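# Chain and residue survey
For reference, the chains in residue letters:
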Amino acid sequence: MDRKIGTWLEDISRSIDEIFEFLPEKRNFFEYQKDLKTKKAVERNIEIIGEAVNRISKYSETTLEINNAKKIIGTRNRIVHDYENISDEVIWTIIHKELPLLKIEVAKHLKHI
């Protein structure tokens, strides 16, 4: 696997880890919702994930596929360009339903580096 792709996969993995480190221990949605610093840090890491997935998609159109790549990139674009329409509920759902699956997928790809 190409070194650039490996770097971007590591960026995704690190961003996911950081998101879970930033969350309150009890992972309470209402605590998250009140914590502006955590929300901004999480959103920034989702931006990084989306940008890394975008770069991987453009760089290796057939070599490496990431499930839901278009949705991940779309979420990044919404956070960056349409930020007033990003709800805490959507971000919370991504954190708990999508990121654990993406973490597993990225780890599998990283094993092949």
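Right, let's walk through the structure included here. This structure is a prediction, so every number in the text was calculated from the model and none was measured.

This paragraph deals with the overall build of the protein chain. Assigned secondary structure in the protein chain consists of five helices and zero strands. Put simply, the protein chain runs from its N terminus to its C terminus through helices and strands in the order α-α-α-α-α. Rg of the C-alpha trace for the protein chain: 14 Å, near the compact-globule value of 13 Å for 113 residues, within the 12% margin. Taking the principal axes of its C-alpha atoms as reference, the protein chain extends roughly 40 × 30 × 20 Å. Classification of the 113 residues of the protein chain by burial places 41% in the buried group. Here the analysis covers contacts within the protein chain between residues at least 6 apart in sequence; of these, 73% occur between residues at least 24 apart. Within the structure as shown, the protein chain displays about 7300 Å² of accessible surface, and the carbon and sulfur contribution to it stands at 50%.

The subject of this paragraph is the packing of helix α3 (residues 36-59) against helix α5 (residues 88-111). Two numbers describe how α3 lies on α5: the axes approach to 12 Å, and their chain directions differ by 50 degrees. The pairing of α3 with α5 is recorded here as oblique in orientation. The handedness of the crossing between α3 and α5 is left-handed. Two secondary-structure elements touch here, α3 through K39, V42, E43, I46 and I49 and α5 through D88, I91, I94, I95, L99 and L102. Here the contact of α3 with α5 is composed, by residue class, of eight nonpolar, no polar and three charged.

Position of N28 relative to the elements: it lies in the loop between α1 (3-22) and α2 (29-34). Take N28: its relative accessible area is 28%, and that puts it in the partly exposed class.

When its volume is computed, the largest pocket comes out at roughly 350 Å³. Around the largest pocket sit 15 residues that line it, and N68, K71, I72, I94 and E98 are the ones nearest its centre. Among the elements that line the lining of the largest pocket, the one with the most residues is α5, at seven residues. When grouped by side-chain class, the residues that make up the lining of the largest pocket number seven nonpolar, five polar and three charged.

So, on to the nonpolar core. Counting 29 residues, the largest nonpolar core has I12, I49, I66, I95 and L102 as its most contacted members. If you list the elements that add at least two residues to this core, you get α1, α2, α3, α4 (69-81) and α5. Top contributing element to this core by residue count: α5, with seven residues. In contact with I49, other than residues within four places in its own chain, are I12, S15, I16, I19, I72, L99 and L102.

Thresholds applied
Residues numbered from 1 in each chain as written. Predicted model: local features only at pLDDT ≥ 70, side-chain atom pairs only at ≥ 80, totals over all residues. Heavy atoms only, no water. Helix = DSSP H or I, 4+ residues; strand = E, 2+ residues; numbered from the N terminus. Rg over C-alpha atoms; globule rule 2.2 N^0.38 Å. Buried < 20%, exposed > 50% of the residue type's maximum accessible area, 1.4 Å probe, protein only. Contact = heavy atoms within 4.5 Å. Areas by Shrake-Rupley, 256 points an atom, 1.4 Å probe, with all protein chains shown as cover. Axes fitted to C-alpha atoms, helices over the stretch in contact; angles between N-to-C directions. Parallel < 35°, antiparallel > 145°, perpendicular 65-115°, else oblique. Left-handed = near helix turned anticlockwise from the far one by under 90°. Nonpolar A, V, L, I, M, F, W, Y, C, P; charged D, E, K, R; others polar. 1 Å grid on protein atoms, 1.4 Å probe; cavity = no way out; pocket = protein on both sides within 12 Å on 5 of 7 lines; lining within 4 Å. Points joined across faces, edges and corners; volume = space filled by probe spheres on them. Core = buried A, V, L, I, M, F, W, Y, C linked by side-chain atoms within 4.5 Å.

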